[in-house]
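Fold and contact review
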Amino acid sequence: MLILGIETSCDETGVALYDSEEGLLADALFSQVDMHADYGGVVPELASRDHVRKLLPLCDQVLNEAGLTRHDIDGIAYTAGPGLIGALMVGGAVAHALAFALDIPVLGVHHMEGHLLAPMLEPEPPAFPFVALLVSGGHTQLVEVAGIGEYVLLGESVDDAAGEAFDKTAKMLGLDYPGGPRVAALAEKGTPGRFRFPRPMTDRPGLDFSFSGLKTYTLNTVNEARATDDLSDQTRADIALAFESAAVDTLVIKCRRALVQTQCPRLVIAGGVSANKRLRAGLETMARKQQASVFYARPEFCTDNGAMIAYAGCQRLRAGQRDGDRIIAVPRWPMDTLPAIGESRLAGLVD
Ligand code: KG4
Ligand code: ZN
């Protein structure tokens, strides 16, 4: 079954073709990062308008790359949420219009389920069950995954998401949006041990996270350095390293707890922050001691992309799930309300 996947939840237009027998055939991405950089963050209306411009040309591009035509597509999957409502509507409208014209099924997919399943596109995918750490710009969650749609939320951030904390730290250090990769690059030049930042919520039991205290601690450190005329390039790098180490340690400690609590030997990390090298290394070291394995997607499939939506949609469309005539766009949508494969998908939808 050949599925066209469409991702437009935020500031990347992602399109891919995934075949249930042959795997990923083509994928293409247009990032709007440069357009939003002047504003220091994503401007929703500009994002929607650019998805309108880029989406159909990208669909043609992946079909050309795969040597296929629109008539070869058996089904369409698009991101139905969570995300920016205008941006979601563009993907949903194009997906429904194409599916109507081609007379094929169409399905709205949960963006975080897409991230969660992205490591399945790799040569050695994880087997179920596993524990998943979802770390993106909007979410930080630990989830126990028994199968597709069988999700138990173990813990989540009570305030900022991990990616958001990276982005805000970048702003404090005068780095551009999106900040995660830039903070990580600056931290490479940092002096280990010059600053030590707190590891929030690691001194009490539980699997919830909090990153706003760490953000405030970072801001205070930046302000103190500025007040003493010491915000040199080296100090900025030292602060970036102290922040990254604290954020990574916090995530690693909670992941270890989740593996112990669930007795599960497999950890999946997904979402933009899972591209972070220090996080991957920290989790690998921890997992070895726990006799567990860590799974993640290649870096371009950690951040937003069409391939993860095509894959997740393919699994659900093959199980017979599809939308009715209505475009689905759900800005906030808890992932543990999703049905398992085989159940009616409308049962879990928040309108
Ligand atoms: O999953 P994603 O592309 O979009 C959302 O669904 O939010 O995640 C984007 C987030 C941003 O906050 C970005 O700064 C962060 O992922 N990110 C990183 C890295 N690459 C992306 N954070 C830390 N280190 C990275 N290498
Ligand atoms: Zn995402």
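Everything below is about the structure printed above this text.
Residues numbered from 1 in each chain as written. Chains lettered and ligands numbered in written order. Predicted model: local features only at pLDDT ≥ 70, side-chain atom pairs only at ≥ 80, totals over all residues. Heavy atoms only, no water.

**Looking at the packing of aromatic side chains**
Evaluation of the coordinates by the stated rule reveals six aromatic pairs. Aromatic side chains Phe166 and Phe243 sit 5.0 Å apart centroid to centroid with 85° between the ring planes, which places their arrangement in the edge-to-face category. Highlighted residues: Phe166 in helix α5 (residues 162-172) and Phe243 in helix α8 (residues 233-262), separated in sequence by 77 residues. This pair shows no difference in class: Phe166 is buried, exactly as Phe243 is. Ring centres of Phe195 and Phe197 lie 6.3 Å apart, and the angle between their planes is 55°; this geometry places the pair in the tilted category. Accessibility expressed as a relative area gives 23% for Phe195, which makes it partly exposed. A relative accessible area of 2% places Phe197 in the buried class. The ring of Phe30 has Lys54 lying over it, and the distance from NZ or CZ to the ring centre is 4.1 Å. (Phe/Tyr/Trp six-rings, centres within 6.5 Å; stacked < 30°, edge-to-face > 60°. Helix = DSSP H or I, 4+ residues; strand = E, 2+ residues; numbered from the N terminus. Buried < 20%, exposed > 50% of the residue type's maximum accessible area, 1.4 Å probe, protein only. Lys NZ or Arg CZ within 6 Å of the ring centre and 35° of its normal.)

**So, the site of ligand 1**
Taken together, the neighbourhood of ligand 1 is formed by 19 residues, with His115, Gly137, Asp167, Gly180 and Gly272 sitting nearest. Between ligand 1 and the protein, one listed contact pairs an oxygen atom with a backbone N or O atom of Asp304 at 3.1 Å. Burial of ligand 1 by the surrounding chains reaches 87%, relative to a free accessible area of 560 Å². Taken together, the elements giving at least two residues each to the shell around ligand 1 come down to α4 (111-117), α5 and α6 (179-187). Looking at the shell around ligand 1 residue by residue, the classes come out as five nonpolar, twelve polar and two charged. (Near = heavy atom within 4 Å. Polar contact = N/O pair within 3.5 Å; in protein donor to acceptor, adjacent residues only side chain to side chain. Areas by Shrake-Rupley, 256 points an atom, 1.4 Å probe, with all protein chains shown as cover. Nonpolar A, V, L, I, M, F, W, Y, C, P; charged D, E, K, R; others polar.)

**Here's the deal with unusual backbone geometry**
The omega angle of the peptide bond from Gly81 to Pro82 is -15°, so this bond is cis rather than trans. Note that the residue after Phe128, namely Pro129, is joined by a cis bond; omega there is -5°. Along the chain, Pro129 turns up in the loop between α4 and β6 (130-135). Phi is positive for Asp103, close to 55°, though the residue is something other than glycine. Relative to the helices and strands, Asp103 is located in the loop between α3 (85-102) and β5 (106-110). The exposed category is assigned to Asp103, whose relative accessible area is 69%. A positive phi angle, near 60°, is found at Gln263, a position not held by glycine. As for its placement among the helices and strands, Gln263 is situated in the loop between α8 and β9 (266-270).

**Here's the deal with the nonpolar core**
In this structure, Leu4, Ile6, Ile76, Leu116, Tyr151 and Met335 are the most contacted members of the largest nonpolar core, which totals 62 residues. Tallying contributions element by element places helix α10 (residues 306-318) first for this core, with eight residues. Among residues more than four places away in sequence, those in contact with Met335 are His110, Met112, Glu113, Leu116, Leu134, Val143 and Tyr151. Membership of the second largest hydrophobic core comes to 45 residues, among which are Val131, Val222, Ala237 and Leu251. (Core = buried A, V, L, I, M, F, W, Y, C linked by side-chain atoms within 4.5 Å. Contact = heavy atoms within 4.5 Å.)

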